[in-house]
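# Architecture at a glance
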Amino acid sequence: MKLKIAILAGDGIGPEVMKQGVAVMNSIAAKFGHVFSYDEAICGANAIDVVGDPFPETTFQTCMDADAVLFGAVGDLRYDNDPTAKVRPEQGLLAMRKKLGLFANIRPVATFDCLLHNSPLKDDLIKGADFVVIRELTGGMYFGEKHQDNDMAFDTDIYTRPEIERILNVGFEMARKRKKHLTVVDKANVMASSRLWRQIAKEMESQYPDINTDYMFVDNASMRVLTEPRFFDVIVTENTFGDILTDETSCITGSMGLQPSSSLGEHTPLFEPVHGSWPQAAGMNIANPLAQILSAAMLLEHFNLIKEGELVRKAVKESMDAFVRTPDIQEKGKKHYGTDEVGQWIVNYIKNA
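Here goes a summary of the coordinates provided.

### Description of the environment of Asp151
For Asp151, the location among the structural elements is in the loop between strand 6 (146–148) and strand 7 (153–155). Judged by its relative accessible area of 76%, Asp151 is exposed. Along the primary structure Asp151 and Ala322 are separated by 171 residues, whereas in three dimensions their C-alpha atoms are 56 Å apart.

What follows is the structure in structure tokens.
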């Protein structure tokens, strides 16, 4: 297979983990006889420095011309510490989602037996947890009307029927491919936008009679993903709730450095780790590349390269079982491995498999 991939490494540790993601993609291409080509483009703080825009038109065109986007992270302390900044790296991420029509963010949550101890939760609570959170990505408060002055501020949580129907369809269809259990998370007891979500979901249930559909307020869901994670199979929710819940689920995996994601929609699909740019660690060779590498596995599987994706996942698991780990997930007293060393170990594993 031939694939043209846009590479947006971004800021902070993004370029370091991206280097390992691309190396793994190249090892898969060599192993299975595929041809992957790459077009690099700037985004985030890096793009602001160069052209004053966190998602310039040239980057957008690079994404539109590609079969897929492999994305790193955006964010810089210069902007985190300056609330008055008019242009921010994260605006580039929001613009990319909007312009590419990436309305469905897919975040799998699964445990690794060798890392159960790394979670703050009890082993017997999380062992075997395996679910997916689907977050609506282009609506809600992040994109609604905003206002701020010295005395008042507001963000408008607006959703339309077509926006809700299309993300719920993604949720129902994914549940159909898994254990046929969908949980719709909202705040329908308080928020009008959530009541519309629940109304439409109830209407759509008859289209999916094989799916066990239940409903949960977000405050209850935020507790139960930590106290009963094995209850869930597929969760679908709106933008803000999904953002919070998917960061919370890092407590289950034991590290945000292990969580990949994909964003799907109207145009080019995007694949990215969820851990952010961690600018304090940039250049230190300590960042965990596994989420970026697992995002590459999701990219492969999206194009039905199932064996290829499975081999990447197996290589990641074997690296952790062999204690080839970055500091964030290494056991106490064992040697720490750098970002480059972990990536190279996985590349070698794939080559020799």
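### Observations concerning helix 3 (residues 57–64)
Each α-helix turn comprises 3.6 residues. Residues three or four places apart therefore point the same way. Those residues of helix 3 that sit buried are Thr59, Phe60, Thr62 and Cys63. Along the long axis of helix 3, the arc covered by the buried residues comes to 160 degrees, so they all point the same way.

### Some points on the packing of helix 1 (residues 14–32) against helix 14 (residues 339–352)
One way to put it is that helix 1 packs onto helix 14 with a least axis distance of 9 Å and a crossing angle of 10 degrees. With respect to their mutual orientation, helix 1 and helix 14 come out roughly parallel. Contacts between helix 1 and helix 14 pair Glu16, Val17, Lys19, Gln20, Ala23, Val24, Ser27, Ile28 and Lys31 from the former with Thr339, Asp340, Gly343, Gln344, Ile346, Val347, Ile350, Lys351 and Asn352 from the latter. Of the residues contributing to the contact of helix 1 with helix 14, the split by class is seven nonpolar, six polar and five charged.

### Quick word on helix 2 (residues 44–51)
Within helix 2 the residues assigned to the buried category are Gly44, Ala45, Ala47 and Ile48. Down the axis of helix 2, the sector holding all buried residues measures 160 degrees, keeping them to one side. Looking one or two residues beyond helix 2, the residue adopting positive phi is Gly52, at roughly 80 degrees.

### Some points on the packing of aromatic side chains
The tally for this structure, following the rule as stated, stands at six aromatic pairs. Ring centres 5.4 Å apart and planes at 90 degrees place the aromatic pair Tyr159 and Trp197 in the edge-to-face group. Taken together, the residues span a long stretch of sequence, with Tyr159 in the loop between strand 7 and helix 7 (161–177) and Trp197 in helix 8 (residues 192–204) at a distance of 38 residues. With centroids separated by 5.1 Å and ring planes inclined at 90 degrees, the aromatic side chains of Phe231 and Phe232 adopt a geometry described as edge-to-face. Connected via pairs of aromatic rings, a cluster forms that spans Phe131, Phe231 and Phe232. One Lys or Arg, Lys98, reaches over the ring of Phe143 and ends 4.7 Å from the middle of that ring. The cationic tip of Arg224 hangs over the ring face of Phe231; the distance from NZ or CZ to the ring centre is 4.5 Å.

### With respect to the sheet that holds strand 4 (residues 104–110)
With mixed pairing, ten strands are arranged side by side in an open sheet as 2-1-3-12-11-4-5-10-8-9. In this open sheet, the two edge strands, each paired with only one partner strand, are strand 2 (35–40) and strand 9 (212–217). When the angles between neighbouring strand axes are averaged without regard to direction, this sheet yields 25 degrees.

### Points about the environment of Pro289
Locating Pro289 in the fold gives a position in the loop between strand 12 (270–273) and helix 12 (290–302). The buried category is assigned to Pro289, whose relative accessible area is 0%. The spacing of Pro289 and Gly343 is 54 residues in sequence and 6.9 Å in space, taken between C-alpha atoms. In contact with Pro289, other than residues within four places in its own chain, are Val17, Gln20, Thr326, Thr339, Val342 and Gly343.

### A look at the nonpolar core
Membership of the largest hydrophobic core comes to 38 residues, with the highest contact counts inside it found for Phe36, Leu290, Met320 and Ile346. Elements represented by at least two residues in this core include exactly strand 1 (2–10), helix 1, strand 3 (68–73), helix 12, helix 13 (306–321) and helix 14. It is helix 12 that contributes the most residues to this core, eight residues altogether. If we skip the residues at most four places from it in the chain, Met320 touches Phe112, Cys114, Leu115, Leu258, Leu290, Arg325 and Ile329. Membership of the second largest hydrophobic core comes to 22 residues, among which are Ile106, Leu168, Phe172 and Tyr208.

Reading the values: rules and limits
- Residues numbered from 1 in each chain as written.
- Predicted model: local features only at pLDDT ≥ 70, side-chain atom pairs only at ≥ 80, totals over all residues.
- Heavy atoms only, no water.
- Helix = DSSP H or I, 4+ residues; strand = E, 2+ residues; numbered from the N terminus.
- Buried < 20%, exposed > 50% of the residue type's maximum accessible area, 1.4 Å probe, protein only.
- Arc of directions from axis to C-beta.
- Axes fitted to C-alpha atoms, helices over the stretch in contact; angles between N-to-C directions.
- Parallel < 35°, antiparallel > 145°, perpendicular 65-115°, else oblique.
- Contact = heavy atoms within 4.5 Å.
- Nonpolar A, V, L, I, M, F, W, Y, C, P; charged D, E, K, R; others polar.
- Phe/Tyr/Trp six-rings, centres within 6.5 Å; stacked < 30°, edge-to-face > 60°.
- Lys NZ or Arg CZ within 6 Å of the ring centre and 35° of its normal.
- Pairing = 2+ DSSP bridges.
- Core = buried A, V, L, I, M, F, W, Y, C linked by side-chain atoms within 4.5 Å.

The analysis is restricted to geometry; functional conclusions fall outside its scope.
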